[in-house]
Amino acid sequence: MICTHKKAETRGIAGSKRLALPDGLRCAGQSICTLRAIPMQGSLRRVRWAVLSAATLLILIVMALATTLLYRDHAEALERARTLVTRVAQNSEADINRNLVSVDMMLAELSIWITQERTETPPPSRCVTLWS
């Protein structure tokens, strides 16, 4: 509310016949002051614009941070997956090589056993059990 009483000029803002008073207060110049509501369109628009601008800026900052975090997490997840796949492939290759070496050793032992078996003559009891 704004007081338009002349004595408000001496108590308030010099050079102005208007003094902004809170709601429910009266001017000290008269026992009953005529208070009237003057809408402050310009200042309300500026305040509303400032609040909306601040809220929009805050929302944009949050969205930018969230997008940055998502892209960074995505890149980290891809790197972890690539590392895991590489490690699994290397372990699988080592296991297959180990198995192939053991099969190779078994075949080498088998060939030695077969060549020794052919050169030696089996005992007679064994021949009977094999052929009967």
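Residues numbered from 1 in each chain as written. Predicted model: local features only at pLDDT ≥ 70, side-chain atom pairs only at ≥ 80, totals over all residues. Heavy atoms only, no water.

Caption draft 1: Structural context of the overall build of the protein. Within the protein, the regular secondary structure consists of three helices and three strands. Here the protein holds 132 residues, and the buried ones make up 7% of them. Across the protein, contacts joining residues at least 24 apart in sequence account for 33% of those joining residues at least 6 apart. For the protein, the computed accessible surface area is about 11,700 Å², with 65% contributed by carbon and sulfur atoms. (Helix = DSSP H or I, 4+ residues; strand = E, 2+ residues; numbered from the N terminus. Buried < 20%, exposed > 50% of the residue type's maximum accessible area, 1.4 Å probe, protein only. Contact = heavy atoms within 4.5 Å. Areas by Shrake-Rupley, 256 points an atom, 1.4 Å probe, with all protein chains shown as cover.)

Caption draft 2: Just the pattern of salt bridges, in detail. With the rule as written, the count across this model stands at two salt bridges. The salt bridge partner of Glu79 is Arg82, with a shortest N-O separation of 3.1 Å. Linking Glu79 with Arg82, this pair stays in helix 2 (residues 41-119), spanning three residues, or about one helical turn. Assessed through its relative accessible area of 43%, Glu79 is described here as partly exposed. Asp95 is paired through a salt bridge with Arg98; the nearest N and O atoms lie 2.8 Å apart. Here Arg98 and Asp95 lie together in helix 2, a separation of three residues that amounts to about one turn. The exposure class assigned to Arg98 is exposed, which follows from its relative accessible area of 53%. (Salt bridge = Lys/Arg side-chain N within 4 Å of Asp/Glu carboxyl O.)

Caption draft 3: Molecular detail of the confidence of the model for the protein. Per-residue confidence for the protein averages 75 on the pLDDT scale, and 57% of its residues sit at or above 70. Mean pLDDT in the protein bottoms out at helix 1 (residues 7-11), which sits at 45, and peaks at helix 2, which reaches 92. Below pLDDT 50 for its whole length, residues 6-19 participates in 24 contacts with residues either more than four positions away or in separate chains. (pLDDT = per-residue confidence, 0-100.)

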